[in-house]
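Secondary and tertiary structure notes
Listed below are the residues making up each chain.
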Protein chains: 2
Amino acid sequence: MSLPKRTFVRPPTAQEAVLRELRDAIISGAIAPGTQLLQEEVAEQFGVSRVPVREALRILEGEGHLTHTAQRGYYVTALDIDDLVEIYRLRQLLESAAVRHTAGRLTEANLTVMRELIEKIDEAGAADDIGGIARANRDFHFVLIDSPGQARLVRLIHQLWDVSSPYRSHYFAGKENRERLQKEHRAILRAATAGDTEKVIELLDLHRRNAIAELAAALSEQPS
Amino acid sequence: MSLPKRTFVRPPTAQEAVLRELRDAIISGAIAPGTQLLQEEVAEQFGVSRVPVREALRILEGEGHLTHTAQRGYYVTALDIDDLVEIYRLRQLLESAAVRHTAGRLTEANLTVMRELIEKIDEAGAADDIGGIARANRDFHFVLIDSPGQARLVRLIHQLWDVSSPYRSHYFAGKENRERLQKEHRAILRAATAGDTEKVIELLDLHRRNAIAELAAALSEQPS
DNA sequence: AGTACGGACTATGTATACATGATACGTGAC
DNA sequence: GTCACGTATCATGTATACATAGTCCGTACT
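**What to know about the overall build of chain A**
- Looking only at helices and strands, chain A features 9 helices and 3 strands.
- Element order for chain A, N to C, with α for helix and β for strand: α-β-α-α-β-β-α-α-α-α-α-α.
- Compactness check: chain A gives a C-alpha radius of gyration of 19 Å against a globular reference of 17 Å for 224 residues, within 12% of the reference.
- Once the C-alpha set of chain A is aligned to its principal axes, its extents read approximately 60 × 55 × 35 Å.
- Counting the 224 residues in chain A, one finds 32% classified as buried.

Here is the structure:
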């Protein structure tokens, strides 16, 4: 049983397919916050009936991506500044704990991956590939966060990243933002390489504060 | 428009009704962890079709109460010791932050409520009303946790309480446990009344450590 | 005897059809 | 002209019916 290794994802259940696609669309910002999702439209778009669509919508609601009112429908969750601030505060709390648990166990391989991801961000930036930046950036951070024995914690952090993701994309669009971002990433990598966990945490705090400051500024300009 | 005030909860949508009932049953431990839930059985039990049942199940899955595998069905989530330890660790992290935000703003009314809830626990204890203890205990703690401006944080903490709830019930069954619990509650109330936030947090940490130690002991006896 | 194949059964997944509740617009009365 | 009521329309909520995947058990073959 050794076929050529290939990532083979057979079309899962229809719910799951719809779920993935919709989640991607929301996280990437392709569907703007505040948009109403009509079950029938979504169903037609994916060529399935409304039943699997409804279940996917429920899951997305649970994840915080959608807001639902009975008999009123689903809307892509729109966040205000206060929400974003709370999310970043929670991230600070949870990520600090996660990093404190993980950073001591970083392998040489982990560090190499981080180095490569920094380059990937540069490349994606040069190509103006916002989605690519977002993915590489996320991967970079989760090298520091993800470690066995704290699956729940990691999952919570993932969700916080997800719900704030559509707003973060704006951040990556600005060239000055990207430059500062990368400068900070390199500093974080240096501290991680040196094994200075508390320094890493401190730099991450700064990293987040800079980001939320930008987000707040951007959001107050066009209060949707 | 002033009819006699009555808590009028008209039967909401079927999904929601099923959702509430099932969630209660799981949280209270009426449905044991590990149990498989068959869609048809649940549907029949509530007198609805499988469609609203499926949606309720999906939501419960998102909340962590159920575990789902495609084509295999839903099972009430069973936790092992490691899970419980992680949950309590997360509670410590999140509740400390929440209390730090709330404790300074406690009103006289809040303190009175806490005092009454301690008595309520005593009464429920005398009547061997485990469910009553659980509810009053939970309310007591959330007086210290719930305050405006941190809705997300509070929601996360609620979920952590919920998923570990069926296991906590065992804890309330032991008389020695209840006595220690109340002693700790009174100490917490005293510190809160004195306005000593850090002391409150410290006592809560101890409170949790005692609980998880008992839970771990109980769980290792009958590893399900 | 052990294993492998195949078929029947069961529960889940999906589609279609119907019911119900909500919103919007128009009409009438004050 | 404004407000209130009623009705039409549409999206959501629910039920029934069908399709499909997974499991279990029996049989046949090695």
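**Topic: the relation of the copies chain B and chain A**
- Mapping chain B onto chain A is achieved by rotating through 180° and translating by 0.0 Å along the same axis, at an RMSD of 0.0 Å. What the rotation and shift describe, once combined, is the action of a two-fold rotation axis.
- Take the interface residues of chain B: 100% of them recur as interface residues in chain A, which is what a same-surface contact looks like.

**Some details on the sheet that holds strand β1 (residues 36–37) of chain B**
All names here are of chain B.
- Spatially, 3 strands are ordered β1-β3-β2 in an open sheet, and the strand pairing comes out antiparallel. On the outer flanks of this sheet lie β1 and β2 (66–69), each paired with one strand and no other.
- In this structure, β2 lies alongside strand β3 (residues 73–76), joined through 4 bridges in antiparallel fashion. Bridging across to β3, L66 finds its partner in V76.
- Lying on the sheet, helix α3 (residues 50–62) is in contact with β1, β2 and β3; it crosses β2 at an angle near 110°.

**Some words on helix α5 (residues 108–126) of chain B**
All names here are of chain B.
- If you check α5, its first and last C-alpha atoms are 28 Å apart, about what 19 residues at 1.5 Å a residue would give, namely 27 Å.
- Of the positions making up α5, those classed as buried are M114, L117, I121 and A124. One side of α5 holds all its buried residues, which, seen down the axis, span an arc of 85°. Facing away from the buried side of α5 by more than 90 degrees, the exposed set consists of E108, A109, T112, E119, E123 and A126.
- Summarising the contacts, the buried residues of α5 are in contact with α6 (130–145) and α8 (175–194).
- Of the residues trailing α5, D128 is marked for its positive phi of about 55°.

**Considerations on the sheet that holds strand β1 (residues 36–37) of chain A**
All names here are of chain A.
- Read from one edge to the other, the open sheet built from 3 strands follows the order β1-β3-β2, with strand pairing classed as antiparallel. Every other strand in the sheet has two partners, leaving β1 and β2 (66–69) as the edge strands with one partner each.
- One ladder, built from 2 bridges, connects β1 with strand β3 (residues 73–76); its direction is antiparallel. The residue bridging Q36 from the neighbouring strand is Y75, located in β3.
- Running at roughly 110° to β2, helix α3 (residues 50–62) makes contact with β1, β2 and β3 of the sheet.

**Digging into the protein's contact with DNA strand D**
- If you check the shell around DNA strand D, you find 17 residues, and the closest are A:G73, B:T13, B:A14, B:S49 and B:Q71.
- The set of elements that each furnish at least two residues to the surface near DNA strand D consists of α2 (39–46) of chain A together with α1 (14–28) and α3 of chain B.
- At 3 residues, the largest contribution of residues to the surface near DNA strand D is made by α3(B).
- Across the surface near DNA strand D, the residue classes tally to 7 nonpolar, 7 polar and 3 charged.

**Section: the protein's contact with DNA strand C**
- Around DNA strand C sit 17 residues, and of these A:T13, A:A14, A:S49, A:Q71 and B:G73 come closest.
- Residue assignment for the surface near DNA strand C shows that the elements contributing at least two residues are α1 (14–28) and α3 of chain A together with α2 (39–46) of chain B.
- For the surface near DNA strand C, the leading source of residues is α3(A), giving 3 residues.
- A class-by-class count of the residues in the surface near DNA strand C yields 7 nonpolar, 7 polar and 3 charged.

**Description of the pairing of β3(A)**
- Here β3(A) shows one buried face, formed by A:Y74 and A:V76, and one open face, formed by A:G73 and A:Y75.
- The antiparallel pairing of β2(A) with β3(A) creates a hairpin that spans 3 residues between the two strands, and A:Q71 there sits at a positive phi of about 65°.

**Some remarks on unusual backbone geometry**
- Positive phi values are uncommon outside glycine, yet A:D128 reaches one of about 55°.
- You can call A:D128 exposed: it has 11 C-beta atoms within 10 Å.

**Thoughts on the nonpolar core**
- By size, the foremost hydrophobic cluster in this structure holds 76 residues, and its most contacted members are A:I157 and B:I157.
- Not counting chain neighbours up to four residues away, the residues in contact with B:I157 comprise B:R91, B:L94, B:E95, B:A98 and B:I145.

**Overview of the interface of chain B and chain A**
- Counting residues at the interface gives 19 residues for chain B, matched by 19 residues for chain A.
- Every element with two or more residues in the side of chain B that touches chain A is listed here: α3, α4 (81–102) and α7 (151–173) of chain B.
- No other element matches the 6 residues that α3(B) contributes to the side of chain B that touches chain A.
- For the side of chain B that touches chain A, the per-class residue count stands at 10 nonpolar, 3 polar and 6 charged.

**Quick notes on the confidence of the model for chain A**
- Looking at chain A as a whole, its pLDDT mean stands at 91, while 94% of the residues score no less than 70.
- Across residues 1–7 of chain A, confidence stays below pLDDT 50; counting only partners more than four residues off in sequence or on other chains, it has 0 contacts.

**Quick look at the environment of A:G29**
Residue and element names in this part refer to chain A.
- By the secondary structure assignment, G29 is in the loop between α1 and β1.
- Judged by C-beta crowding, with 18 C-beta atoms within 10 Å, G29 ranks as partly exposed.
- Between the C-alpha atom of G29 and that of T112, which follows or precedes it by 83 residues, the distance is 30 Å.
- If near-sequence neighbours (up to four positions away) are discounted, G29 is found in contact with P166 and S169.

Thresholds applied
- Residues numbered from 1 in each chain as written.
- Chains lettered and ligands numbered in written order.
- Predicted model: local features only at pLDDT ≥ 70, side-chain atom pairs only at ≥ 80, totals over all residues.
- Helix = DSSP H or I, 4+ residues; strand = E, 2+ residues; numbered from the N terminus.
- Rg over C-alpha atoms; globule rule 2.2 N^0.38 Å.
- Buried ≥ 20, exposed ≤ 12 C-beta atoms within 10 Å, placed from the backbone.
- Least-squares fit on C-alpha atoms with pLDDT ≥ 70 in both.
- Contact = placed C-beta atoms within 7 Å.
- Pairing = 2+ DSSP bridges.
- Axes fitted to C-alpha atoms, helices over the stretch in contact; angles between N-to-C directions.
- Expected span 1.5 Å × (residues − 1).
- Arc of directions from axis to C-beta.
- Near = placed C-beta within 6 Å.
- Nonpolar A, V, L, I, M, F, W, Y, C, P; charged D, E, K, R; others polar.
- Core = buried A, V, L, I, M, F, W, Y, C linked by C-beta atoms within 7 Å.
- pLDDT = per-residue confidence, 0-100.

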